[in-house]
Amino acid sequence: MGKKSFRSKLAKAFSPPQHASSPPAPAETADGDDLADLLFAQLDGRDVDGVPVQQGDLKGGDSAAKAPPAPAAPSPTGTGSAEASDAGGAANGEKKKSRRDRREEKKASALAALKAEATAELSLPENERLALEAKQEESHVNAICARLERTMHEIAPDGHCLYAAIADQANVLGLEGPGWGARQATYTHTRHLAASYLRAHPDDFLPFLSSASLAPADGANGDGVEAEGDAMTPAQFEDYCARIEQTGEWGGHIEILALSKALRTPIHVVQRHAPSVLLVGADGADEGKDPERVPGLWISYHTRMYELGEHYNSLRPKLKKEGTGLPEAGSFPL
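Would you take a moment to explain the nonpolar core for this structure?
Generally speaking, soluble globular proteins have nonpolar side chains that are buried together. Grouped together as the largest cluster of nonpolar side chains are 35 residues, with contacts concentrated most on Leu198 and Ile299. Contributions of two or more residues to this core are made by α6 (161-173), α7 (187-200), α10 (234-246), α11 (253-263), β2 (267-270) and β4 (297-302). The leading source of residues in this core is α6, at seven residues. Not counting the four nearest positions on each side in its chain, Leu198 is found in contact with Phe205, Phe237, Tyr240, Cys241, Ile244, Ile254 and Ala258. Of all hydrophobic cores here, the second largest spans eight residues; its members include Ile144, Val270, Val277 and Leu315.

Below, the structure written as structure tokens:
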């Protein structure tokens, strides 16, 4: 029997039965031809497409005449990329990870690292933990100052820090107020200004004040969260305003808002907690804008850097070196 006729019989034997009305299926016939080639190759002791035929090759379909895949080249770094690892996993029958899955894994890994760091901090003795938090706070504020080309001008931690910081900012901008001219403001002036504005607008502030606000230094924790109390009466409100004006009582958000309204200038508060830049006293036109792009006064709020607790500093703009446009070290001259 000739090779051609035997090949035809083999092709017919390995092809599915054809109906009279159906056209022949070339794909199936082609598979029969490949199998016939393999049979004759083994009988004749020759290679098919340059690959020696083995007994086991007769079990395959299209893969029977293919060479085994070459091993993947090693990664130049020796560790292999995430894509190569995923491809290897897919070759071993594992499901290839999507880009979203890899992102979620990275996010979960970062969160776990943050939790581990927080747990380690909590396990420190209190004095070490507070020292670490103070260092982190200083680094955070300094990083924002560097981005904004500002420098921290430290204010004495004597109870007048908020009013002194805002007076320093008013002098930087050359603002004038009742009782002071350009670059002449002191904490005494800003205390008087805050108390006067509060007295003139009691309905704007009384709903947000309580009896606990009469002693903010004792009624607030290290994060500036005040204790709850009863609604403040008008008589207590007047006492509150007198303390602002005449004593070294600490100031907070209420006083910052009153001063921003009195000076008609927004006040930016840079802090360790979110939001990193809090904009106080912005008008309707500035609402929704990036706080860093709104002109105004700049102060920083600290809860860990100073032993007395809450503290405010003034964030002065850095000078520009003449002819370069680059910031110059040093504070803004008063």
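Here the narrative resumes.
Honestly, the sheet that holds β2 in this entry has me stumped. Any pointers?
The strands making up a sheet are joined through hydrogen bonds of the backbone, oriented either antiparallel or parallel. Read from one edge to the other, the open sheet built from five strands follows the order β1-β5-β4-β2-β3, with strand pairing classed as mixed. Since the sheet does not close on itself, it has two edges, and those belong to β1 (150-153) and β3 (277-280), each with one partner. Averaged over all pairs of adjacent strands, the angle between strand axes in this sheet comes to 30°, irrespective of strand direction. Taken together, the four bridges between β1 and strand β5 (residues 311-317) define a ladder with antiparallel strand orientation. Counted as the bridge partner of Thr151 is Arg316 from β5. Running over the sheet, α11 touches β2, β3, β4 and β5 and is turned about 55° from β3.

Would you explain empty space enclosed by the protein in this entry?
For the coordinates displayed, the defined rule picks out three cavities of 30 Å³ or more. When its volume is computed, the largest cavity comes out at roughly 60 Å³. Lining the largest cavity we find Gly159, Cys161, Leu162, Trp250, Gly251, Glu310 and Tyr312. Along the lines of polarity and charge, the residues of the lining of the largest cavity split into four nonpolar, two polar and one charged.

Quick question: what am I supposed to make of unusual backbone geometry here?
Negative phi values dominate among residues other than glycine, just as trans dominates among peptide bonds. Following Ala274, the chain continues to Pro275 via a peptide bond in cis, the omega torsion being -5°. Mapped onto the elements of the fold, Pro275 is located in the loop between β2 and β3. Its identity as a non-glycine residue notwithstanding, Arg183 has a phi of 60°, on the positive side. Following the sequence through the fold, Arg183 ends up in the loop between α6 and α7. With a phi angle near 55°, Arg264 is a residue other than glycine that sits in the positive phi range. Mapped onto the fold, Arg264 is located in the loop between α11 and β2.

I'm lost on the packing of α7 against α11 in this one. Help?
In a packed pair of helices, the relevant descriptors are the angle between the two axes and the axis-to-axis distance. Two numbers describe how α7 lies on α11: the axes approach to 9 Å, and their chain directions differ by 90°. Taken as axis vectors, α7 and α11 run roughly perpendicular relative to one another. For the pair α7 and α11, the contacting residues are Thr190, Leu193, Ala194, Tyr197 and Leu198 in the first and Ile254, Ala258, Leu259, Lys261, Ala262 and Leu263 in the second. Residues of the contact of α7 with α11, tallied by class, amount to nine nonpolar, one polar and one charged.

Is there a simple way to explain α11 in this structure?
The periodicity of an α-helix, 3.6 residues per turn, causes residues three or four positions apart to be oriented the same way. Considered for burial, the residues of α11 that qualify are Ile254, Glu255, Ile256, Ala258, Leu259, Ser260 and Leu263. Arg264 sits one or two positions beyond α11 and adopts a positive phi of about 55°.

Help me understand the pairing of β4, please; the structure alone is not making it clear to me.
Taken residue by residue, a regular strand's side chains alternate between the two faces of the sheet. A large share of β4 lies buried, amounting to six of its six residues. Here β4 shows no split at all, with Leu297, Ile299 and Tyr301 on one side and Trp298, Ser300 and His302 on the other all buried. Strand direction decides the pairing type here: β2 and β4, joined by four bridges, are parallel. Bridging across to β4, Ile267 finds its partner in Leu297.

What should I look at first to understand the pattern of salt bridges in this one?
Pairs may arise between side chains of opposite charge once their charged atoms sit close together. Summed over the entire model, instances satisfying the criterion amount to eleven salt bridges. Glu137 is the partner of Arg272 in a salt bridge, and the nearest nitrogen-oxygen pair spans 3.7 Å. Separated by 135 residues along the polypeptide, Arg272 in the loop between β2 and β3 and Glu137 in helix α5 (residues 126-148) bring together distant segments of the chain. A relative accessible area of 0% means that Glu137 is categorised as buried.

Parameters at a glance
- Residues numbered from 1 in each chain as written.
- Predicted model: local features only at pLDDT ≥ 70, side-chain atom pairs only at ≥ 80, totals over all residues.
- Heavy atoms only, no water.
- Core = buried A, V, L, I, M, F, W, Y, C linked by side-chain atoms within 4.5 Å.
- Buried < 20%, exposed > 50% of the residue type's maximum accessible area, 1.4 Å probe, protein only.
- Helix = DSSP H or I, 4+ residues; strand = E, 2+ residues; numbered from the N terminus.
- Contact = heavy atoms within 4.5 Å.
- Pairing = 2+ DSSP bridges.
- Axes fitted to C-alpha atoms, helices over the stretch in contact; angles between N-to-C directions.
- 1 Å grid on protein atoms, 1.4 Å probe; cavity = no way out; pocket = protein on both sides within 12 Å on 5 of 7 lines; lining within 4 Å.
- Points joined across faces, edges and corners; volume = space filled by probe spheres on them.
- Nonpolar A, V, L, I, M, F, W, Y, C, P; charged D, E, K, R; others polar.
- Parallel < 35°, antiparallel > 145°, perpendicular 65-115°, else oblique.
- Salt bridge = Lys/Arg side-chain N within 4 Å of Asp/Glu carboxyl O.

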